[in-house]
Amino acid sequence: MLHSHVFVKDARYRKENLASCPEDRPLIVQFCANDPETFVQACKLAAPLCDAVDLNLGCPQAIARRGHYGAFLQDEWDLLKTMMTRASSEVDLPITAKIRVFEDQARTVEYAKMLERAGASLLTVHGRTRDQKGPLTGLASWSQIKAVKDAVSVPVFANGNIQYLSDVERCLRETGVDGIMSAEGNLYNPALYTGRQPPAWDMALEYLELALQYPCPTSYARGHLFKLFHHCLCMPENFDLRYRLSKTSTLEEMVVVSQDLRDRMTPYHTGEKPWEPDPESDQAKLPFPPWVCQPYVRISPEEHLKKIKESQRRAQEKRQQEETEEDSEGSGGASGGGEGGKRPIGEDSGEADLSKKKKKKMSRNPRKSFDPPGDVYEKCICKNPKGGRCVHNMCRACCRVKCYTEGLDCPGHRILVKTKREKAAIYYGQLAKLKEEEEKLQQQQASGQSDEVQKECEKNGVVQKEGKQEGEKEKENGAGAEIENGYENGNKKENGGFDSEESKKTEAEDMSKHQPLQNLPQEAHEVQSNTCNT
């Protein structure tokens, strides 16, 4: 598995971790990722060197929790859908996914369907939940794998409970999947799919021959050898080889250790020497001799919890016994000494005072010392060591309390309470100022609208006044014209003037042009009313 973010940013990481050869095809590269853009870029960079890309959604380890990837993304369906959709549409490679199951089988099926709709070309289903790991691993659920296989149309691989070739055949038969994937079983026995169980040194020497031909980091090779030699190196007579293997720094040194183990265990394998292990040892409980490649079988979760309770009970009894002995020794010393008082200090009393556990450690490493180290650190008020760079001359816990209560900074402990509070005050001050400016702008806009309405009303009023003045002038002119027309037509009015038909008609038209304000349309009245209210 490769980290997508580091793979995109670091060219050296890409070169070292994606080292391959033409014989290593078809090849699927697996990434852990939690960002769609980064995942797409990583897929594009790996595309020329592989045949498909797999998204890891099954890692349950603590590092995956801290990095927020693996099985800890299985509840974020929107993010996974985006990642899978973009990768499958933007990268010219099949995109697959390896997942773990939920406690609820129906939710597992919906999870698989969602990934299929998003563009997954293949699904590998590990039949364990996210919490089944370490001593609580337990058995994988093949029934959940079968339910996923029946629900989706893309190929499905099964993972979990694969220790021997017979398990492979049984899983294919019971689940109907298209393929089987093995992790730990294949690490302890690389010949698992052939049905053989060869001696561990044969597999180790074959692997080291390939590692010399296609170099890899020595830490990778050392880790593989510890898996292959696990049962052998747990034997007391091979502790020296385990120590030598842990100190190897080259592949050639690993070859020498593997050959020494072969020379030491071959007589037992060929039958030249009888193999008689201690009946109480772990090697005697194995189904095959310890030098043969075979899976590592964990105890069941129930047995693990039972052992924890038993160890807790023993520890409690030991504490009670020690407290009882201390009380008896204290009472004996107070009554006058003697054998029940303090033990005499002699030249050889140092080793005699050690516990059985410490004596066992001394037998393994005679140079080991159990003397308490000298106290070279200054103590804080809470008896913890003071921080060497603390400006308040305190430990980290006390320094944090002081900084938070008094609003101070401590660059030595990287506690910047004062700085952060000042930045927060500046930020909220700017935010309040920006809010006030927005309110003023809104008020100005509102007052500007009211001024426009007022001007419009005033304009309508002026037009009305001007209309009245023009109407009066036209009346006067019309009256004079009537008098003249009256003299011409000979029609005299009662008041001494003259009236004609044309003057009446002109006056009616002028009055219709200049109506009073109450006869204006309804819109003008609404504008006038709003202006007065404002």
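What you are looking at is a predicted structure, and each value in this text was computed from that prediction instead of being measured. (Residues numbered from 1 in each chain as written. Predicted model: local features only at pLDDT ≥ 70, side-chain atom pairs only at ≥ 80, totals over all residues. Heavy atoms only, no water.)

Caption draft 1: Up close: the overall build of the chain. When its secondary structure is counted, the chain shows 21 helices and nine strands. In the chain, which comprises 534 residues, the share counted as buried stands at 31%. Within the chain, contacts between residues separated by at least 24 positions form 57% of all contacts whose residues are at least 6 apart in sequence. With an accessible surface of roughly 35100 Å², the chain has 50% of that area assigned to carbon and sulfur atoms. (Helix = DSSP H or I, 4+ residues; strand = E, 2+ residues; numbered from the N terminus. Buried < 20%, exposed > 50% of the residue type's maximum accessible area, 1.4 Å probe, protein only. Contact = heavy atoms within 4.5 Å. Areas by Shrake-Rupley, 256 points an atom, 1.4 Å probe, with all protein chains shown as cover.)

Caption draft 2: Molecular detail of the packing of aromatic side chains. Following the criterion strictly, the structure yields nine aromatic pairs and no others. Seen from their ring centres, W77 and Y111 are 5.7 Å apart, and the 20° between their planes marks the pair as stacked. Here W77 is found in helix α5 (residues 77-90), whereas its partner Y111 is found in helix α6 (residues 105-118), with 34 residues between them in sequence. A residue is classified by how much of its surface remains accessible, and W77, at 22% relative accessible area, is partly exposed. (Phe/Tyr/Trp six-rings, centres within 6.5 Å; stacked < 30°, edge-to-face > 60°.)

Caption draft 3: How the structure looks around the sheet that holds strand β1 (residues 2-3). The strand order across the open sheet formed by seven strands is β1-β2-β3-β4-β5-β6-β7, and the pairing between neighbours is parallel. Only two strands of the sheet have a single partner each, and these edge strands are β1 and β7 (179-181). Pairing analysis gives five bridges linking strand β3 (residues 52-57) to strand β4 (residues 95-100), with the strands arranged parallel. For L55, the partnering residue across the bridge sits in β4 and is A97. In the packing of helix α3 (residues 36-46) onto the sheet, contacts are made with β2 (28-32), β3 and β4, and the angle to β2 comes to roughly 155°. Along the sheet face, α5 touches β3 and β4 and points at about 155° away from the line of β4. (Pairing = 2+ DSSP bridges. Axes fitted to C-alpha atoms, helices over the stretch in contact; angles between N-to-C directions.)

Caption draft 4: How the structure looks around the pattern of salt bridges. For the structure on display, the rule yields 19 salt bridges. The residue K386 makes a salt bridge to E378 at a minimum N-O spacing of 3.7 Å. Since its relative accessible area comes to 24%, K386 is described here as partly exposed. Overlapping salt bridges bring together E310, R313, R314 and E317 as one network. (Salt bridge = Lys/Arg side-chain N within 4 Å of Asp/Glu carboxyl O.)

Caption draft 5: Representation of the nonpolar core within the structure. Counting residues in each nonpolar core, the largest one holds 56 residues, and the members touching the most others are F31, F39, L57 and L115. Ignoring any residue separated from it by four or fewer positions in sequence, one finds L57 in contact with G70, A71, L73, L80, A97, K98, I99, R100, Y111 and L115. W201, L228, M254 and M265 belong to the second largest nonpolar core, which has 25 residues in total. (Core = buried A, V, L, I, M, F, W, Y, C linked by side-chain atoms within 4.5 Å.)

Caption draft 6: Highlighting a nonpolar patch on the surface. A surface patch of nonpolar side chains, about 230 Å² in accessible area, is lined by L136, L305 and I308. Its place among the elements puts L136 in the loop between β5 (123-126) and α7 (142-151). In this structure L136 comes out as partly exposed when scored by relative accessible area, which is 39%. (Patch = residues over 30% accessible without salt bridge, like charges linked within 9 Å, V, L, I, M, F, W, Y side chains within 5 Å.)

Caption draft 7: Spatial organisation of helix α8 (residues 165-175). Burial in α8 covers these residues: D167, V168, C171 and T175. End-on, the buried residues of α8 take up no more than an arc of 105°, which puts them together on one face. Close packing links the buried residues of α8 with α7, β6 (156-159) and β7. The first or second residue beyond α8 is G176, which carries a positive phi of 75°. (Arc of directions from axis to C-beta.)

Caption draft 8: Broad picture of a positive patch on the surface. On the surface, R242, K318, K357, K358, K360, K361, R364 and K368 cluster together to form a positively charged patch. Ranked by residues supplied to the positive patch, first place goes to helix α17 (residues 356-364) with five residues. Mapped onto the elements, R242 comes out in helix α13 (residues 239-246). The class of R242 is partly exposed, set by a relative accessible area of 34%. (Lys, Arg positive; Asp, Glu negative; His and termini not counted. Charge placed at Lys NZ, Arg CZ, Asp CG, Glu CD.)

Caption draft 9: View of unusual backbone geometry. Each neighbour pair has its own omega, and for R25 with P26 the value is 0°, a cis peptide bond. By the element assignment, P26 lies in the loop between α2 (11-17) and β2. Not every positive phi belongs to a glycine, and N161 is a case in point at roughly 70°. If you check the backbone angles, R414 has positive phi at about 60° while not being a glycine. The residue R414 is located in the loop between β8 (409-410) and β9 (415-416) in this model.

Caption draft 10: Summary view of α7. Three or more residues of α7 are buried, namely W142, Q144, I145, A147, V148 and K149. Each element contacted by the buried residues of α7 is listed here: α6, β5, β6 and α8.

Caption draft 11: Up close: the pairing of β6. Summarising the sheet, β5 and β6 pair through four bridges and their orientation is parallel. Residue H126 lies in a different strand from β6, and its bridge partner there is N159. After leaving β5, the chain enters α7 and then returns to the sheet as β6, a path that is right-handed. (Right-handed = clockwise from strand over helix to strand, strands pointing away.)

Caption draft 12: View of the packing of helix α10 (residues 200-213) against helix α11 (residues 218-228). Running from N to C, α10 and α11 point in directions that differ by 165°, and their axes come no closer than 10 Å. On the basis of their axis angle, the class for α10 and α11 is roughly antiparallel. Between α10 and α11 the crossing geometry is right-handed. Contact with α10, carried on its side by A200, M203, A204, Y207 and L208, involves Y220, A221, H224, L225 and L228 of α11 and no other residues of that element. Residues that form the contact of α10 with α11 fall into these classes: nine nonpolar, one polar and no charged. (Parallel < 35°, antiparallel > 145°, perpendicular 65-115°, else oblique. Left-handed = near helix turned anticlockwise from the far one by under 90°. Nonpolar A, V, L, I, M, F, W, Y, C, P; charged D, E, K, R; others polar.)

Caption draft 13: Structural detail: the packing of α11 against helix α14 (residues 251-270). Viewed as axis vectors pointing N to C, α11 and α14 meet at an angle of 15°, and their least axial separation amounts to 10 Å. With respect to their mutual orientation, α11 and α14 come out roughly parallel. Helix-helix and strand crossings are classified by hand; for α11 and α14 the assignment is right-handed. Of the residues in α14, those in contact with T218, A221, R222 and L225 of α11 are L251, M254 and S258. For the contact of α11 with α14, a count of residues per class yields four nonpolar, two polar and one charged.

Don't take any of this as a statement about function, it's just geometry.
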